[in-house]
Amino acid sequence: MLEKKCEFNGEEVIAEFEELTRDATAVQRETLRRILADNASAEYLQGLGVAGRTDPDSFRACVPLATHADLEPYIARIADGDTSPVLTATPVTSISLSSGTTQGKRKYLPFNQELVKSTMQIYRTSYAFRNRAFPVEDGKALQFIYGSRQFTTKGGLTATTATTNVYRSEEFMPTMRAIQSQVCSPDAVIFGPDFTQSLYCHLLCGLLYADEVRIVSATFAHSVVLAFQTFERVWEELCADIRHGVLSPTRVTAPAVRKAVSALLAEPNPALADDVARKCSALSNWYGVIPALFPNARYVHGIMTGSMEHYVKKLRHYAGGLPLVAAEYGSSEGWVGANVEPETPPESATFTVLPNIAYFEFIPLTTSDGGACADASYAEAEPVGLTEVTVGEHYEVVMTTFAGLYRYRLGDVVKVAGFHNSTPKLKFVCRRNLMLSINIDKNSELDLQLAVDCAAKILAAEKLEVVDYSSHADVSCDPGHYVIFWELNAEANDDVLQSCCDELDRAFTDPGYVGSRKARAIAPLELRVLQRGTFQKVLSHYISLGAPVSQFKSPRCIGRSNAGVLQILSGNVKAFFSTAYD
Ligand code: AMP
């Protein structure tokens, strides 16, 4: 029954997609109608006087734009066990935890079967286009994916990351099989209790199925890079495990993971171990390690846009000549678009919006300085519909979903790159309120402010103050790290500043950051203490570029492209590196 449901015919999927995008305006109207009709009894919609109306004009007139903070009280009630129709008519089935861009706290979001359905739709659509460009028959995928821990909310709902909710759904494995993306590793590895053990086992399982691997992938490109950086260090141990048919007792200790992987290792395989060792020895600086180990792999797949773009260079190195294919654009809130032009290099990848997965609006954004994302202050105009966007313009994405989010501001800035039939192709630009991000970590202006406040308490004991501060995600070295710039009102001694630096590092509690720091995927935070008067120079710099003094706000994060300000902040400093995670 499941297998039947997941039969896959790429050309049919593409034909459906072409049909769906031909008259996106009509599909959007119908999508909104369905969302509002299905959820007419929801307290949120009733309270706003939607009164069963389902047309876009009434919807926009009654329902205001909302942020997560606006919906949080409703979602909290659901998490606490309120099964009445709060946001959706039928109760949500679980909670997704986003990575958390506000106050270092993870956002709770409603998750339901509709999101599983749209996830499968987007996987199948993107695979159909990928498979047309890079055909794969009968194979497996070496997927560096990791289920997150889950917990039960007060009201008895499962709460975990959206990806884990998807991995745990009934549809996930059959769909993966249908699109030739069956994971090499057993479930116990994906859901293992320890990330480093799972990573080791993913590599081992990939080697055991080396000839069958057709796709090498991860949700985020960064995980693929991290996997092969790890491979550089552990390949000899992996070879020893394969040679003797025994899983390393020190690398992998979790009983369930050991049991599942040991079953695959069953027999000693010296021929495979020799083969892997020979291939590794023949490589120069690990260039092309992926095609060397997995000769039948057709491409590397994962999110390579936005904050992941930094990893494309290293990924190309490992991938040798294999194509890199940028994966879809979505969030814990819901999916936005699929990459239907898989041959486009990741740097220029766009995402074609699927008009039936949500009702979309776009807030037009204009920048006065056309500057780097994190520095730009945008002026907003009235939201426009999916098919009303203009090529070349910037917008913030607003979604109304089947999981109970209405006119929800996603906080992402996109640029319209063109149209596929009548639906737009979006280029991801940046997160609107996100400032600091190296890989999967996400910290906002507020997170930075809270971290600085926290560390400044140490200064207060010395009767010192932070006059001004800023930050920068430094990715000029690998791994990248956060740089926090401080200007103080007087001289502080080095021990105090070292403590402040450690405290700053600890104060970023975003799980993506903490996890990456522990896994050494983000290097120690750097505190740079500036000469007095430095921020005055920054102000003068902006004024010289025409910024109005009355509206000037110290830039809290300096983008990579803002060489002028970075130059000012790099002169005459004392630098400290955190030891918080040593
Ligand atoms: P989360 O809800 O924690 O999964 O984070 C979702 C956010 O990750 C989105 O709102 C985007 O900012 C970012 N994101 C997701 N997919 C992509 C992509 N393909 N390219 C760039 N950024 C992405």
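Above: the structure in question.
Residues numbered from 1 in each chain as written. Predicted model: local features only at pLDDT ≥ 70, side-chain atom pairs only at ≥ 80, totals over all residues. Heavy atoms only, no water.

**Q** Can you lay out the overall build of the protein chain for me, pointing to particular residues and giving the numbers?
**A** What the protein chain contains, in helices and strands, is 21 helices and 24 strands. The globule rule puts the C-alpha radius of gyration for 582 residues at 25 Å, and the 25 Å found for the protein chain is close to it. Seen through its C-alpha atoms, the protein chain measures out along the principal axes to roughly 70 × 60 × 45 Å. Across the 582 residues of the protein chain, 54% fall into the buried class. Sequence separation of 24 or more characterises 70% of the internal contacts of the protein chain that already satisfy a separation of 6 or more. (Helix = DSSP H or I, 4+ residues; strand = E, 2+ residues; numbered from the N terminus. Rg over C-alpha atoms; globule rule 2.2 N^0.38 Å. Buried < 20%, exposed > 50% of the residue type's maximum accessible area, 1.4 Å probe, protein only. Contact = heavy atoms within 4.5 Å.)

**Q** Give a description of helix 14 (residues 270-282) that names residues and reports values.
**A** In this model helix 14 runs 18 Å from its N-terminal to its C-terminal C-alpha over 13 residues, within 8% of the 18 Å that 1.5 Å per residue would give. Looking at helix 14, one finds that the buried residues are Leu272, Ala273, Val276 and Cys280. Looking down the long axis of helix 14, one finds its buried residues gathered within 100 degrees of arc, a one-sided arrangement. Seen from the buried face of helix 14, the exposed residues on the opposite side, beyond 90 degrees, are Ala271, Arg278, Ser281 and Ala282. (Expected span 1.5 Å × (residues − 1). Arc of directions from axis to C-beta.)

**Q** Could you give an account of the nonpolar core, naming the residues involved and the relevant values?
**A** One finds Phe144, Phe228, Phe231, Phe294 and Trp486 to be the most contacted residues of the largest nonpolar core, which totals 87 residues. Sorting elements by how many residues they give to this core places helix 12 (residues 221-244) first, with eleven residues. Within the second largest apolar cluster, 79 residues are counted, among which are Ile14, Val50, Met120 and Tyr408. (Core = buried A, V, L, I, M, F, W, Y, C linked by side-chain atoms within 4.5 Å.)

**Q** Explain the state of the cysteines residue by residue, including any values.
**A** As enumerated under the stated definition, the model contains zero disulfides in all. Unpaired in this structure, Cys184 has its nearest cysteine sulfur neighbour in Cys205, at a distance of 7.2 Å. Looking at Cys477, it has no disulfide partner, and the nearest cysteine sulfur is the one in Cys501, 16 Å off. The class of Cys477 is exposed, set by a relative accessible area of 51%. (Disulfide = S-S within 2.5 Å.)

**Q** How would you summarise the pattern of salt bridges if you had to cite specific residues and measurements?
**A** Per the counting criterion, the structure on display carries 24 salt bridges. Here Glu19 and Arg22 are joined by a salt bridge, their closest N and O atoms 3.1 Å apart. With Glu19 and Arg22 both in helix 2 (residues 10-22) and three residues apart, this pair spans about one turn of that helix. With a shortest N-O distance of 3.0 Å, Arg556 and Asp468 are connected by a salt bridge. A residue pair is termed long-range when its members are at least 10 positions apart, and Arg556 in the loop between helix 20 (534-544) and helix 21 (563-570) and Asp468 in strand 21 (residues 466-474) qualify at 88 residues. Here Arg556 matches Asp468 in class, with each residue buried. (Salt bridge = Lys/Arg side-chain N within 4 Å of Asp/Glu carboxyl O.)

**Q** Please set out unusual backbone geometry residue by residue, giving values where relevant.
**A** Note the cis peptide between Asp478 and Pro479, where omega equals -5 degrees. With a phi angle near 55 degrees, Asn285 is a residue other than glycine that sits in the positive phi range. Mapped onto the secondary structure, Asn285 falls in the loop between helix 14 and helix 15 (289-293). Under the relative-accessibility criterion, Asn285 is labelled exposed at 59%.

**Q** Would you mind going over the packing of helix 17 (residues 445-460) against helix 18 (residues 494-507) in detail, with residue names and values included?
**A** Relative orientation of the contacting elements helix 17 and helix 18 amounts to 155 degrees, with a least axis distance of 8 Å. Between helix 17 and helix 18, the angle is such that the two are roughly antiparallel. The chirality of how helix 17 crosses helix 18 is right-handed. Between helix 17 and helix 18, the residues in contact are Ala451, Val452, Cys454, Ala455, Ile458 and Leu459 and Val496, Ser499, Cys500, Glu503, Leu504 and Ala507, respectively. Residues of the contact of helix 17 with helix 18, tallied by class, amount to ten nonpolar, one polar and one charged. (Axes fitted to C-alpha atoms, helices over the stretch in contact; angles between N-to-C directions. Parallel < 35°, antiparallel > 145°, perpendicular 65-115°, else oblique. Left-handed = near helix turned anticlockwise from the far one by under 90°. Nonpolar A, V, L, I, M, F, W, Y, C, P; charged D, E, K, R; others polar.)

**Q** Got a sec to walk through the packing of aromatic side chains? Specific residues and values, please.
**A** Two aromatic rings, taken as a pair, are described by how far apart their centres are and by the angle between their planes. Counted under the stated rule, the structure contains 20 aromatic pairs. Ring geometry for Tyr167 and Phe172: centres 5.1 Å apart, planes at 50 degrees, overall tilted. Taking relative accessible area as the criterion, Phe172 reaches 1% and is therefore assigned buried. Relative to Phe231, the ring of Phe228 lies with its centre 6.3 Å away and its plane at 55 degrees, an arrangement referred to as tilted. (Phe/Tyr/Trp six-rings, centres within 6.5 Å; stacked < 30°, edge-to-face > 60°.)

**Q** Go over the environment of Ile145, please, and point to the residues and values.
**A** Secondary-structure assignment places Ile145 in the loop between strand 3 (140-143) and strand 4 (151-152). The sequence separation of Ile145 and Val183 amounts to 38 residues, and the corresponding C-alpha distance is 9.0 Å.

**Q** Residues and numbers for helix 7 (residues 113-133), please.
**A** Compared with an ideal rise of 1.5 Å per residue, which puts 21 residues at 30 Å, helix 7 spans 31 Å between its outermost C-alpha atoms and is within 8% of the ideal. Its side-chain oxygen 3.1 Å from the backbone nitrogen of Glu114, Asn112 forms the N-cap of helix 7. (Polar contact = N/O pair within 3.5 Å; in protein donor to acceptor, adjacent residues only side chain to side chain.)

**Q** Tell me what's going on with the sheet that holds strand 1 (residues 94-97), and back it up with residues and numbers.
**A** Ordered in space as 2-1-5-4, the four strands form an open sheet in which the pairing is mixed. Each edge of the sheet is formed by a strand with only one pairing partner; in this case those strands are strand 2 (108-111) and strand 4. Set on the sheet, helix 6 (residues 68-79) makes contact with strand 1 and strand 2; between it and strand 2 the angle comes to about 65 degrees. (Pairing = 2+ DSSP bridges.)

**Q** Which residues make up the side chain of Glu333, and what values go with them?
**A** Locating Glu333 in the fold gives a position in the loop between strand 10 (329-331) and strand 11 (334-338). A residue is classified by how much of its surface remains accessible, and Glu333, at 3% relative accessible area, is buried. Within the structure, the side chain of Glu333 is placed 2.7 Å from the side chain of Tyr408, a separation counted as a polar contact. Sequence-distant contacts of Glu333, that is, excluding residues within four places in its chain, are made with Lys107, Leu109, Leu115, Met399, Thr401, Leu405, Tyr408 and Leu410.

From the geometry alone we can't say anything about function, so treat these as descriptive.
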